[in-house]
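Report on the structure
Okay, here's what each chain looks like letter by letter:
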Amino acid sequence: MTAQLIINGLSLGAVYALIAVGFAIIFNILKFSNFAHGGFMTVTAYAGFLATRFWHTSLLATLLIASLAGGLLGLLAELVAFRRIRNNKSPVIYYFVSSITLGMLLENLMTIFFSTNFYSYPNFFPVNTIKLGRLIIGVPDLIMFCISTLALIILAIIIYRTKLGTALRSVSYDLDTSGLMGINVLRIIQLAFFLAGFLGGISGVFLGISYTLYPQLGQMVVKGFIASVIGGLGSLEGAVTGAFLLGMVEIFLIRLVGSGISPVFIFIIMLLFLLVRPRGIAGSHIQEKA
Amino acid sequence: MDLLISVLTFTAINVIAVTGVFVLTGLTGLFSLGQAAFMGIGAYVAGLMAVKYNFPFILAAVGAISIGLVAGLIVGLPTIRLRRDYISLVTFGFGEAIAALLNQAVNVTGGATGLSGIPKQTTLTLAIVSAVVCLILVWGFKNSRYGRQCLALRSDELAARSMGIDVNRVKMTAFLLSAAITTYAGVLYGFYTTYVEPVMFGWTKSAEWIIMVFFGGVNSLTGAIFASAFLTGMPEILRAAAEWRIVAYCVIVLLILNFKPTGLFGEYEISLLALWRHLGTRKKGVDRP
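Because the structure is a prediction, the values reported are computed rather than measured. (Residues numbered from 1 in each chain as written. Chains lettered and ligands numbered in written order. Predicted model: local features only at pLDDT ≥ 70, side-chain atom pairs only at ≥ 80, totals over all residues. Heavy atoms only, no water.)

**Focus: the overall build of chain A**
The helix and strand inventory of chain A stands at eleven helices and two strands. Each helix and strand of chain A, ordered N terminal to C terminal, gives the series α-α-α-α-β-β-α-α-α-α-α-α-α. A compact globule built from 290 residues would reach a C-alpha radius of gyration of about 19 Å, and chain A, at 19 Å, matches this within 12%. Overall size of chain A, expressed as C-alpha extent along the three principal axes, is 60 × 50 × 35 Å. Of all 290 residues assigned to chain A, the portion counted as buried reaches 55%. (Helix = DSSP H or I, 4+ residues; strand = E, 2+ residues; numbered from the N terminus. Rg over C-alpha atoms; globule rule 2.2 N^0.38 Å. Buried < 20%, exposed > 50% of the residue type's maximum accessible area, 1.4 Å probe, protein only.)

As structure tokens, then:
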């Protein structure tokens, strides 16, 4: 029974990890919680759905289309909602408000174009469950887990092994100084938004597969928010750890107390955790006065 | 006419709620994504007191505000020591927890179907009078020692602390004042709609209030009032455009954030005293020292 719960928790955690990392990339660079990420996920989920409906794409093609759409959307979002704020050198709070507004905007645009109807993805998988002894593994869960992990590993390689990744890290460390060192800060910020949108696209499709498509799908972004805060803001590894932890805790809580009341327990656990360790798991220092 | 009255009443109630958020976000720089939960507490506690025990409006309001204050204390105590994003997270979790409780306690609150049968006791007059009272209260707070301390810690917490300001206490005061005001807005709301359900008090509502404060200008109470009146009223005006109105709302807010980052009013406050002085000096032609 416990092993089954762990498996379910892992597959849920993998999707949360994608959301949390997409969320954390932007936080790393611009130091704000990007609530527009939920909007990215919603839009890309619908984009992937349209691809399956009109072109009958396979799962991989759908993922690719959705994540490219997400990447482009990320670039657009940077241009529309955040560039001027950065140029104005407004306080960080403005990014935050701007991102919430953008998220609402995307959500409502989706409501207008697709109404509040529920849509569901076609079934990509010939077999839906595998039985391993007494364990039941959902094929969609397994594939989500694999693809999410793969995406995270590729992201880690980009960030830690390439020149662009080095630039990304140095900009996240100090935006102004790295600009003085000859890094094109705008390009790097765009890269971050593209990557975040790309990951948002993958998570959007997965959310669409596990749940159904509806305009408020993007509100799942709060899971990523919780995970990245618990993990320690500004740390990608922390975000992943936090996400898997959240997935586990959630599955166990649903088992123990039921899905309705589990938010209350998650809140209490979160509160206790932050009291003990206010910087989150990874405890990265964010250089900020006060 | 009925429509006009209802729009005005909702606007007045929203002005009260946004005034509460102004104290927290505008003055003190704290982000609460769970502020709407206080509205939920207000509506539900007062509503239940009225429905189940026939309490009159005043007692129900007092009861609800006390519960709201207790809840504010419970969330506030651990929260005020945390950094900005963590504050948003904790308040957000609080909001979700309250929503889950309201949904689950079916025997008491009616669960997802909501609580109905609250007597309709909020009138336009009561809403407007309450709004004015809250505004005077917050205006007084902004201009008091506490208000100035709030502003100080918003711009630089470390500096404020080193000037001897008890940062935690000031934050807590702002938090409680804001909780009380928002709870009261909830009481009025419940007694106006006569029906409340948990989904009305999610984090998007809290986010909307924060947006309103920024729209008006973070430092300006005048701006917050104007923004909440305008942004509550505008969707009604744009009713013809039905679905597009929220989109228009978001676009306008984005434009303001991008092109007038201090908000519509910036730091500007309508001040009767300044107006009077201005007129006075003009008339007499006296140079100011």
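**Side note on helix α10 (residues 203-216) of chain B**
All names here are of chain B. Compared with the 20 Å implied by 1.5 Å per residue over 14 residues, the 20 Å span of α10 between its first and last C-alpha is a close match. Of all 14 residues making up α10, eleven are buried, and the element is well covered by its neighbours. Turning to α10, its buried residues are Trp 203, Ser 206, Ala 207, Trp 209, Ile 210, Ile 211, Met 212, Val 213, Phe 214, Phe 215 and Gly 216. (Expected span 1.5 Å × (residues − 1).)

**Observations concerning the pattern of salt bridges**
All names here are of chain B. This model, assessed by the stated rule, comprises four salt bridges over all chains. With its nearest N and O atoms 3.2 Å apart, the salt bridge here joins Glu 157 to Arg 161. With Glu 157 and Arg 161 both in helix α8 (residues 157-162) and four residues apart, this pair spans about one turn of that helix. Among the ionic contacts, a cluster of salt bridges with common partners joins Glu 157, Arg 161 and Lys 171. (Salt bridge = Lys/Arg side-chain N within 4 Å of Asp/Glu carboxyl O.)

**Comments concerning unusual backbone geometry**
Positive phi outside glycine occurs at A:His56, with the angle close to 50°. Relative to the assigned elements, A:His56 resides in the loop between α2 (36-55) and α3 (59-87). By relative accessible area, which is 65% here, A:His56 ends up exposed. One non-glycine residue, B:Thr194, lies in positive phi territory at about 65°. Within the secondary structure, B:Thr194 sits in the loop between α9 (167-193) and β2 (195-196).

**Regarding the interface of chain B and chain A**
Between chain B and chain A, the contact holds 44 residues from the first and 48 residues from the second. Between chain B and chain A the total buried area reaches about 4,300 Å² when both faces are included, carbon and sulfur atoms providing 77% of it. Of all residues in chain B, the largest losses of buried area upon contact with chain A belong to B:Tyr86, B:Leu89 and B:Asn258, amounting jointly to 15% of the total for that side. Put simply, chain B and chain A have zero salt bridges between them. Here chain B is connected to chain A by three residue pairs in polar contact (both at pLDDT 80 or more). (Contact = heavy atoms within 4.5 Å. Buried area = accessible area lost by both parts, 1.4 Å probe. Polar contact = N/O pair within 3.5 Å; in protein donor to acceptor, adjacent residues only side chain to side chain.)

**Here's the deal with the pairing of strand β1 (residues 129-132) of chain A**
Residue and element names in this part refer to chain A. With four bridges joining them, β1 and strand β2 (residues 135-138) adopt antiparallel strand pairing. For Ile 130, the partnering residue across the bridge sits in β2 and is Ile 137. Count of turn residues in the β1/β2 antiparallel hairpin: two residues, of which Gly 133 carries a positive phi of about 60°. (Pairing = 2+ DSSP bridges.)

**Comments concerning α2(A)**
When the terminal C-alpha atoms of α2(A) are compared, their 28 Å separation across 20 residues agrees well with the 28 Å that a helix rising 1.5 Å per residue should span. Trailing α2(A) by a residue or two, A:His56 shows a phi angle of about 50°, which is positive.

**Quick look at the environment of A:Ile268**
Residues and elements named next belong to chain A. With respect to the element layout, Ile 268 can be found in helix α11 (residues 262-276). Residue Ile 268 is classed as partly exposed on the basis of its relative accessible area of 40%. Along the chain, Ile 268 and Ser 210 lie 58 residues apart, while their C-alpha atoms are 27 Å from each other.

**Some words on the nonpolar core**
A:Phe35, A:Leu102, B:Leu33, B:Phe94, B:Phe214 and B:Tyr249 are the most contacted members of the largest nonpolar core, which totals 188 residues. Among residues more than four places away in sequence, those in contact with A:Phe35 are A:Phe23, A:Phe96, A:Ser99, A:Ile100, A:Gly103, A:Val221, A:Val222, A:Phe225, B:Leu33 and B:Trp203. (Core = buried A, V, L, I, M, F, W, Y, C linked by side-chain atoms within 4.5 Å.)

**Some details on the side chain of B:Thr183**
Mapped onto the elements, B:Thr183 comes out in helix α9. The buried category is assigned to B:Thr183, whose relative accessible area is 0%.

**Some remarks on the confidence of the model for chain B**
Residues and elements named next belong to chain B. Residues with a pLDDT of 70 or more make up 90% of chain B, whose mean pLDDT is 83. The spread of mean pLDDT over the elements of chain B runs between helix α13 (residues 272-284), the lowest at 62, and α9, the highest at 92. This model gives residues 285-289 a pLDDT under 50, and the stretch forms three contacts once residues within four places in sequence are excluded. As a predicted assembly, this complex carries a pTM of 0.84 together with an ipTM value of 0.81. (pLDDT = per-residue confidence, 0-100.)

**Some words on the packing of aromatic side chains**
Aromatic rings considered in pairs are described by the distance between their centres and by the relative angle of their planes. In the structure shown here, the tally under the stated rule is 35 aromatic pairs over all chains. Relative to B:Trp203, the ring of A:Phe35 lies with its centre 5.3 Å away and its plane at 45°, an arrangement referred to as tilted. With A:Phe35 in the loop between α1 (2-30) and α2 and B:Trp203 in helix α10, this residue pair bridges two chains. Comparing A:Phe35 with B:Trp203 shows no difference in burial state: the two are buried. Aromatic side chains A:Tyr121 and A:Phe124 sit 6.2 Å apart centroid to centroid with 45° between the ring planes, which places their arrangement in the tilted category. Judged by its relative accessible area of 9%, A:Tyr121 falls in the buried class. A network of ring pairs unites the aromatic residues A:Phe23, A:Phe35, A:Tyr94, A:Phe96, A:Phe225, B:Phe31, B:Phe92, B:Trp203 and B:Phe214 as a single cluster. Of note, B:Lys120 hangs over the ring of B:Tyr192, and the distance from its end group to the ring centre comes to 4.4 Å. (Phe/Tyr/Trp six-rings, centres within 6.5 Å; stacked < 30°, edge-to-face > 60°. Lys NZ or Arg CZ within 6 Å of the ring centre and 35° of its normal.)

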